[in-house]
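# Structure at a glance
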Amino acid sequence: MAIATPPTPAAAERMERLEQIWESRPGILGWLTTTDHKRIGLLYFWTTLALFGAGGAEALLIRTQLAQPNQHVVSPQTFDELFSMHGITMIFFFIIPMTTGAFGNYLLPLLLGARDMAFPRMNALSYWIFLASAIFIYTSLFIGKAPNAGWFNYVPLASKQFNPGHNIDFYCLGIIFNSIASTLTAGQFIVTIFKSRAPGMSLNRMPLFCFAMLAASFGLLFALPALSADTTFLFLDRNVGTHFFDASHGGSALLWQHLFWIFGHPEVYILIVPAFGIATSIIPAFTQRRLVAFPLVAVAELLVVFVGFGVWAHHMYAVGMTTISMIFFAAATAMVVIPSTIQVFAWCMSFITGFARFKTPLLFIAGFIFMFVTGGLTGIMFVAIPFDQQVTDTYFIVAHFHYIIFGAAVFPIFGGMYYWFPKVTGKLYFERPGQISFWIIFVGTNLLFFPMHIVGLLGMTRRVSTYPSGLGWTAYNLAETIGGFVTLAGILLLLGNLFVSYFRGPPAGPDPWHGPTLEWTTSSPPPEYDFAVIPRVTSAYANWDPVDREADRLNLADGLLMLEHGHEQPTVTPVDGRLAEIAQMPHESPWPPVLALALALVFTMLLIGLYGVAGIMGLVCLLALAGWHSQEPPE
Amino acid sequence: MSGYSVPQSQVGRPTAWWGMTILIASEATLFGTFIGTYYYLRFKTPTWPPGGIPEPKLVVPLVMLAVLVSTTVPMRLAATAARTGRLAATRLLIAVALVVQSGYFAYEVHDFSDQLHRFDITRNAYSSIYYTLLGADHAHVLLGVLFNLWLLGKLARGFTRYRIHAVQAIAWYWLAVNVLTIAVIGTLLSARA
């Protein structure tokens, strides 16, 4: 199947030359200066996994506090910080960086038949900024000043008058800092997808995973500025004395909500669209058929994000908007059903018309479809405005978005971890414990989140730190808490399985699943140059085209298309995928971590109010950029 | 020898152009949000500008806008000169643009602090968005000035493909900043209507 061993001595020599050109420096310095998309993907993976642990610990503390009525496991103030940090962590510091930063970075060039991203140094910069922003925001928790007004941080609760500490300043600056990393990743993916595909891969031959990443990247690029503007206004209101959100001086508290949700609703789709991409990779591999309705699914992935920009005010039915605007947003919200349902039907039909092998990754995708449809059904209910007004700010909402975010975004992440584990490590995981881990997580999450619908309808509001007994909520809350710990057990089994498999697992070989896309044509783990020969592509399921793979093997034997004279990477025309030029890619740079450090100092100085020093640090950032560009590619 | 027949002339835009396009898309969205905020606040306030703040001046901002926008011409010409390999012309055109842009920036900084003395940013919501919008625009002009300074420094040591792409990307940046400035000044002057 795959090109793992060189067929001729001449080819072996060329591969050795590629090895020398692309190999990273050894040791810690190699990791600090790396621009290899696989290494950056792994750095993202380990960092976001640690943050997932932090966000999960916060969730379990919340559930422990709520397990019984009238408990005092944590104080109400700590409880506020816990649920705020839980939301912020899971959304900004786990799901987005896990799906785009880890999965996207590692896999996108491999699926596109490329050797690296379009801007490798910028890719490294994105990781170091992400890491710095995570340290920045978690510092607040350790000094007891964590954000405490929820992840959507409504004013006036978050205004200086009612929240005088540094808690919200950490929020504003940390979120802006983090958005820089996400914007860099988004821009990176868009340009890589349009410019760095293997020649011959026109857009209609691009795998659906890449369409999903493209949709998520467009979403991030156009949604994040609204959040940055919003948090900038709040920072100015709190620290300079402006009046954006101050109704007594002509400002508006609702302005915060509008800007927040103009970002916040597209954000929901940004979270789940990469998960769709993972699903559309796993389903063909384990049904051994091309996905049903490929063009419709590709368009639906993009459409779901596009429509997502027009629905924000359905988060705001309780604030007193005019009926006509509420009806507009309800109608737009109903429209989201169409692209979502197209995808659900395409996935299900692929199961039915293919030969489904329910290995662990596919089990997670089946579970994802179940959770997505369940969460989608409660989502549809919110189109009925009076119903939404009744359940606003109750646990019914919490149940809905956890079905979507845990069920529809995190399940595919778990599935993807199993699916690509053999590619990343070269080892197979153990199948039986894998399947058991799925069932434990599936039962655990449903036990955790389903009763929330009921307590929500019974009137339990979100974000209460405790509740009295005798309201009929106790048993449900206890069940939820048990479900939380069951889920934890399942996740630990999953991680344990992968950990043991890394050391004890049988060798996987390049292509254990007979997977559909290009990453399965190269060795496991992939070499630093990804592909010895730039692959030939004539369909979106390149690994299932034996004629093209045979052509690659012949090219390798003849030493063609190996580009072994430098860090070379073909770039193509954006739509047709015709060869444009052979570009010289940068390799290893100390500047990304330096720039990220300087930027971290800018934000720290802004936090402690030394604006002059922050300005000087800004100049240092510009100098670092000049240093960055002092290194030019060879002519 | 590589096995590919690489096209002789440049096919499509260089990745530098694409990178700049992403930056511009992101910044334009940010300004769109600011301008949206301006009108959101305006439409819920009966008198605009509120709180006895005078209407913005008309003639001087428009003249200054015309001065800034006129630098689009030398920047575009510089991009063309760079593509056709005329080093001296590229340097001269960028230097001319830089002088005008720096003059514009210096005047605007002076004017900005002048206005702050008349009504400061903490007066009300109008002053908040007024200075935020204007300040954000000036910051983008300043960044462009620094880009041009850096370009001249780079071009002092001749052309490389990398630098030619940089000239093209920065000319594209200036076009976008000039359009953004038209939108910003237009928004602020709409308070007179």
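Structural notes, computed from the coordinates.

Cut-offs applied
- Residues numbered from 1 in each chain as written.
- Chains lettered and ligands numbered in written order.
- Predicted model: local features only at pLDDT ≥ 70, side-chain atom pairs only at ≥ 80, totals over all residues.
- Heavy atoms only, no water.
- Helix = DSSP H or I, 4+ residues; strand = E, 2+ residues; numbered from the N terminus.
- Rg over C-alpha atoms; globule rule 2.2 N^0.38 Å.
- Buried < 20%, exposed > 50% of the residue type's maximum accessible area, 1.4 Å probe, protein only.
- Contact = heavy atoms within 4.5 Å.
- Areas by Shrake-Rupley, 256 points an atom, 1.4 Å probe, with all protein chains shown as cover.
- Lys, Arg positive; Asp, Glu negative; His and termini not counted.
- Charge placed at Lys NZ, Arg CZ, Asp CG, Glu CD.
- Salt bridge = Lys/Arg side-chain N within 4 Å of Asp/Glu carboxyl O.
- Core = buried A, V, L, I, M, F, W, Y, C linked by side-chain atoms within 4.5 Å.
- Expected span 1.5 Å × (residues − 1).
- Arc of directions from axis to C-beta.
- Disulfide = S-S within 2.5 Å.
- Phe/Tyr/Trp six-rings, centres within 6.5 Å; stacked < 30°, edge-to-face > 60°.
- Lys NZ or Arg CZ within 6 Å of the ring centre and 35° of its normal.

Turning to the overall build of chain A, a few remarks are in order. A count of helical and extended segments in chain A gives 19 helices and two strands. Whereas a compact globule of 635 residues would reach a radius of gyration of roughly 26 Å, chain A reaches 25 Å, a difference of no more than 12%. Along the first, second and third principal axes, the C-alpha set of chain A runs to 75 × 60 × 50 Å. The 635 residues of chain A split such that 63% are buried. Pairs at least 24 residues apart make up 80% of the contacts formed inside chain A by residues separated by at least 6 positions. Here chain A has roughly 21900 Å² of accessible surface; of this, 72% comes from carbon and sulfur atoms. Between the mean site of the 28 positive side-chain charges and the mean site of the 35 negative ones, chain A shows a separation of 5 Å.

On to the pattern of salt bridges. All names here are of chain A. As enumerated under the stated definition, the model contains 16 salt bridges over all chains in all. In this structure, Glu 564 and Arg 17 form a salt bridge, with 3.8 Å as the shortest nitrogen-oxygen distance. Note that Glu 564 is positioned in the loop between α17 (546-558) and β1 (568-572) and Arg 17 in helix α1 (residues 9-22), a separation of 547 residues in sequence. Each of Glu 13, Arg 14, Arg 17 and Glu 564 takes part in one network of salt bridges that share partners.

Before going further, it helps to spend a moment on the nonpolar core. Counting 237 residues, the largest nonpolar core has A:Phe368 and A:Phe414 as its most contacted members. When residues in this core are grouped by element, the largest group, 21 residues, is from helix α4 (residues 76-112) of chain A. In this structure, A:Phe368 is in contact with A:Phe276, A:Ala279, A:Trp347, A:Gly407, A:Ala408, A:Phe411 and A:Pro412, ignoring residues within four places of it in sequence. Membership of the second largest hydrophobic core comes to 29 residues, among which are B:Ile24, B:Met64, B:Ala166 and B:Ala169.

Opposite the 51 residues of chain A that make contact, chain B presents 40 residues. In this assembly, chain A and chain B are joined by three salt bridges. Among the salt bridges present, the one from B:Arg161 reaches A:Glu581, with a minimum N-O distance of 2.4 Å. At the level of secondary structure, the elements contributing two or more residues to the side of chain A that touches chain B comprise α6 (167-195), α7 (208-239), α8 (253-287), β2 (579-584) and α19 (611-628) of chain A. Among the elements that line the side of chain A that touches chain B, the one with the most residues is α7(A), at eight residues.

Let us now look at α1(A). Residue and element names in this part refer to chain A. Its 14 residues give α1 an end-to-end C-alpha distance of 20 Å, which sits within 8% of 20 Å, the value for a rise of 1.5 Å per residue. Within α1 the residues assigned to the buried category are Ala 11, Arg 14, Met 15, Leu 18 and Trp 22. Each buried residue of α1 sits inside an arc of 100 degrees when the element is viewed along its axis, so together they form one side. More than 90 degrees from the buried face of α1, the exposed residues found are Pro 9, Glu 13, Glu 16 and Gln 20. Here the buried face of α1 lies against α17 and β1.

On to helix α15 (residues 431-457) of chain A, then. Look at α15(A): 40 Å from first C-alpha to last across 27 residues, which is about the 39 Å you get at 1.5 Å a residue. Looking one or two places after α15(A), you find A:Gly459, whose phi comes out positive at around 110 degrees.

It is worth spelling out the state of the cysteines at this point. Residue and element names in this part refer to chain A. On inspection of all chains with the given rule, the structure shows zero disulfides over all chains. Looking at the unpaired Cys 172, the closest cysteine sulfur is the one in Cys 621, lying at 20 Å. Judged by relative accessible area, Cys 172 falls into the buried class, the value being 0%.

Now for the packing of aromatic side chains. The full count for this structure, using the stated rule, is 84 aromatic pairs over all chains. Seen in terms of ring centroids, A:Trp151 and A:Phe260 are 5.1 Å apart; in terms of plane orientation they differ by 75 degrees. Their pairing is edge-to-face. Taken together, the residues span a long stretch of sequence, with A:Trp151 in the loop between α5 (120-142) and α6 and A:Phe260 in helix α8 at a distance of 109 residues. Taking the relative accessible area as the measure of exposure, A:Phe260 reaches 0% and is therefore buried. In this structure, A:Arg39 packs its charged tip against the face of A:Trp31, placed 4.3 Å from the ring centre. Over the face of the ring belonging to B:Trp17 we find B:Arg13, whose NZ or CZ atom lies 4.5 Å from the ring centre.

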